[in-house]
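# Structural description and commentary
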Amino acid sequence: MVKFLTVLLMTIGGYLIGFIAGLGLVELLSMNTHDRSQEMGMTAFFFTGPIGAVVGLVWGIIRARR
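These lines cover the structure that appears in this document, whether it is placed above or below.

Cut-offs and rules
Residues numbered from 1 in each chain as written. Predicted model: local features only at pLDDT ≥ 70, side-chain atom pairs only at ≥ 80, totals over all residues. Heavy atoms only, no water. Helix = DSSP H or I, 4+ residues; strand = E, 2+ residues; numbered from the N terminus. Rg over C-alpha atoms; globule rule 2.2 N^0.38 Å. Buried < 20%, exposed > 50% of the residue type's maximum accessible area, 1.4 Å probe, protein only. Contact = heavy atoms within 4.5 Å. Areas by Shrake-Rupley, 256 points an atom, 1.4 Å probe, with all protein chains shown as cover.

Across its full length, the protein carries 2 helices and 0 strands. Against the globule reference of 11 Å for 66 residues, the protein gives a C-alpha radius of gyration of 14 Å, more extended than a compact globule. Seen through its principal axes, the protein has C-alpha atoms that stretch 45 × 15 × 10 Å. Residue burial in the protein is summarised as follows: out of 66 residues, 26% are buried. The long-range share in the protein, meaning contacts at least 24 apart out of those at least 6 apart in sequence, stands at 70%. Accessible surface, the protein as shown: approximately 5,000 Å² in total, 76% of it carbon and sulfur.

Rendered as structure tokens:
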């Protein structure tokens, strides 16, 4: 059960870090001026957040195996 919670928390943490990174990347790199807030939300929620979750999942599995 402890291993499961470790993996779950690492996955959620990875998603949150990816989400925040996506917001920052769009804010810094996007030249879109029409609907930047929508672009930020969609990129963070559907692209960088899930990538962060997968990285967190893998990291959590590796950490839990020790």
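Still more to cover.
Positionally, M10 belongs in helix 1 (residues 2-29). In sequence terms M10 and G56 are 46 residues apart; their C-alpha atoms lie 5.0 Å from each other. Not counting residues within four places of it along the chain, the set of residues in contact with M10 comprises G56, W59, G60 and R63.

Take the environment of L25 next. Within the secondary structure layout, L25 lies in helix 1. The exposure class of L25 is partly exposed, given its relative accessible area of 45%. Each C-alpha atom of the pair L25 and R65 lies 33 Å from the other, and the pair is 40 residues apart in sequence.

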